[in-house]
Amino acid sequence: MIYTIGTEMVVGILPLYAATIIGMGPLTLGFMFSAANIATLVGYLLGGFASDLIGRGKVIALSLLLNVLILFSLSMAKDPYAFLALWALASMIFLMHEAPETSYVAKKSPEDLRGSAMGLLGTSTGLVSWISPGISTVLWTSLGPAVIFYVMIIVSAFGLLLIIKSVWSYK
């Protein structure tokens with residue numbers, strides 16, 4: 001859940017950031033989102049295969065760690081094409097946690113409450129998706145556009161610290 005908060009903060013305001021700060025035009029923005037959508041498909045597959053191979057917790061932790069690194073790179077990118085490529089990579093990394101996270105929640109939930117647990121996970125993710133762009137807007141207008149990336153880096157690093165011990169030992 002912490003991961004989703006950070007991700008949604010950037011995703012919701014990314015077109016504005018890419019257009020005003022990076023200088024991307026509509027065509028490049030379109031390619032960026034197309035590349036990101038393809039990359040998410042790869043991220044889902046990689047996350048699923050990797051979780052079966054090395055364990056769910058390790059993939060979740062690795063995804064959070066890579067998220068911190070890619071967000072830092074995104075915050076430093078100034079070239080539209082570098083930003084496009086980094087965003088595609090970021091999209092893949094963001095979604096690597098999805099399959100292991102869902103599997104983790106299902107496995108940890110009592111059998112007779114798995115549907116409710118998955119519904120709660122989806123609802124909480126939806127609520128975060130609804131609120132995060134507003135938080136991003138406040139941060140942008142009060143502290144500057146790059147702050148959104150830094151807050152997301154902090155949120156991801158905090159999430160990693162919270163879960164690393166528990167998920168690393170869980171397969």
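Residues numbered from 1 in each chain as written. Predicted model: local features only at pLDDT ≥ 70, side-chain atom pairs only at ≥ 80, totals over all residues. Heavy atoms only, no water.

S.K.: Whenever I open this one, the overall build of the protein confuses me. Can you help?
M.R.: A tally of helices and strands in the protein yields seven helices and zero strands. Put simply, the protein runs from its N terminus to its C terminus through helices and strands in the order α-α-α-α-α-α-α. Relative to the 2.2 N^0.38 estimate, which gives 16 Å for 171 residues, the radius of gyration of the protein is 16 Å and therefore close to what a compact globule would have. Overall, the protein is about 50 × 30 × 25 Å in size when its C-alpha atoms are taken along their principal axes. The buried share of the protein, taken over its 171 residues, is 43%. Pairs at least 24 apart in sequence give 79% of the contacts found in the protein among residues at least 6 apart. (Helix = DSSP H or I, 4+ residues; strand = E, 2+ residues; numbered from the N terminus. Rg over C-alpha atoms; globule rule 2.2 N^0.38 Å. Buried < 20%, exposed > 50% of the residue type's maximum accessible area, 1.4 Å probe, protein only. Contact = heavy atoms within 4.5 Å.)

S.K.: What is the right way to read the packing of helix α3 (residues 56–76) against helix α4 (residues 80–96) from this model?
M.R.: The angle between the axes and the distance between the axes are what describe a pair of packed helices. Where α3 meets α4, the closest approach of the two axes is 8 Å, and the angle between their N-to-C directions is 160 degrees. Comparing their axes, α4 and α3 come out roughly antiparallel. As for the relative orientation of α3 and α4, their crossing is left-handed in sense. Contacts between α3 and α4 involve V59, S63, L66, N67, I70, L71, S73 and L74 on the former and, on the latter, F83, L86, W87, L89, A90, I93, F94 and M96. (Axes fitted to C-alpha atoms, helices over the stretch in contact; angles between N-to-C directions. Parallel < 35°, antiparallel > 145°, perpendicular 65-115°, else oblique. Left-handed = near helix turned anticlockwise from the far one by under 90°.)

S.K.: How do you make sense of the environment of V138 when you look at a structure like this?
M.R.: Tracing the backbone shows V138 in helix α6 (residues 114–143). The sequence separation of V138 and I148 amounts to 10 residues, and the corresponding C-alpha distance is 9.6 Å.

S.K.: What am I meant to see in the environment of A77 here?
M.R.: Here A77 lies in the loop between α3 and α4. Remark: the alpha-carbon pair of A77 and I21, spanning 56 residues in sequence, is separated by 10.0 Å. A77 has contacts with I22, F83 and L86, leaving out every residue within four places of it along the chain.

S.K.: How should the packing of helix α2 (residues 26–54) against helix α5 (residues 98–108) be read in this particular structure?
M.R.: As a packed pair, α2 and α5 sit with axes 7 Å apart at the nearest point and diverge in direction by 50 degrees. One finds that α2 runs oblique with respect to α5. Seen from α2, the contacting residues are Y44, G47, G48 and S51; seen from α5, they are E98, A99 and P100.

S.K.: What is the right way to look at the environment of F72 in this model?
M.R.: With respect to the helices and strands, F72 occurs in helix α3. Using a relative accessible area of 46% as the deciding quantity, one classes F72 as partly exposed. Taking the C-alpha atoms as reference points, F72 and F149, separated by 77 residues in sequence, lie 7.2 Å from one another.

S.K.: I keep staring at a nonpolar patch on the surface and nothing clicks. Help me out?
M.R.: A contiguous nonpolar patch, built from L127, W130, I131 and I135 and spanning about 440 Å² of accessible area, is present on the exposed surface. Along the chain, W130 turns up in helix α6. (Patch = residues over 30% accessible without salt bridge, like charges linked within 9 Å, V, L, I, M, F, W, Y side chains within 5 Å. Areas by Shrake-Rupley, 256 points an atom, 1.4 Å probe, with all protein chains shown as cover. Salt bridge = Lys/Arg side-chain N within 4 Å of Asp/Glu carboxyl O.)

S.K.: I'm lost on the packing of aromatic side chains in this one. Help?
M.R.: Aromatic rings in a pair are described by how distant their centres are and how their planes are angled relative to each other. Counting across every chain of the model gives four aromatic pairs. Counting every residue linked through ring pairs, the aromatic cluster contains Y17, F83, W140 and F149. (Phe/Tyr/Trp six-rings, centres within 6.5 Å; stacked < 30°, edge-to-face > 60°.)

S.K.: For this particular structure, what's the right way to read the confidence of the model for the protein?
M.R.: Any segment with low pLDDT has predicted coordinates that should not be analysed in fine detail. Per-residue pLDDT for the protein has a mean of 84; in total, 90% of the residues score no lower than 70. Taking the mean pLDDT of every element in the protein, the minimum, 72, falls on helix α1 (residues 2–22) and the maximum, 90, on α2. (pLDDT = per-residue confidence, 0-100.)

S.K.: I'm lost on the nonpolar core in this one. Help?
M.R.: In globular proteins that are soluble, nonpolar side chains generally tend to be buried together. Among the nonpolar cores identified, the biggest contains 29 residues, and M24, M32, L71, L74, F83, W87 and F94 are the most heavily contacted of them. Put simply, the parts of the chain that give this core at least two residues each are α1, α2, α3, α4, α6 and α7 (146–168). With eight residues, α4 is the single largest residue contributor to this core. (Core = buried A, V, L, I, M, F, W, Y, C linked by side-chain atoms within 4.5 Å.)

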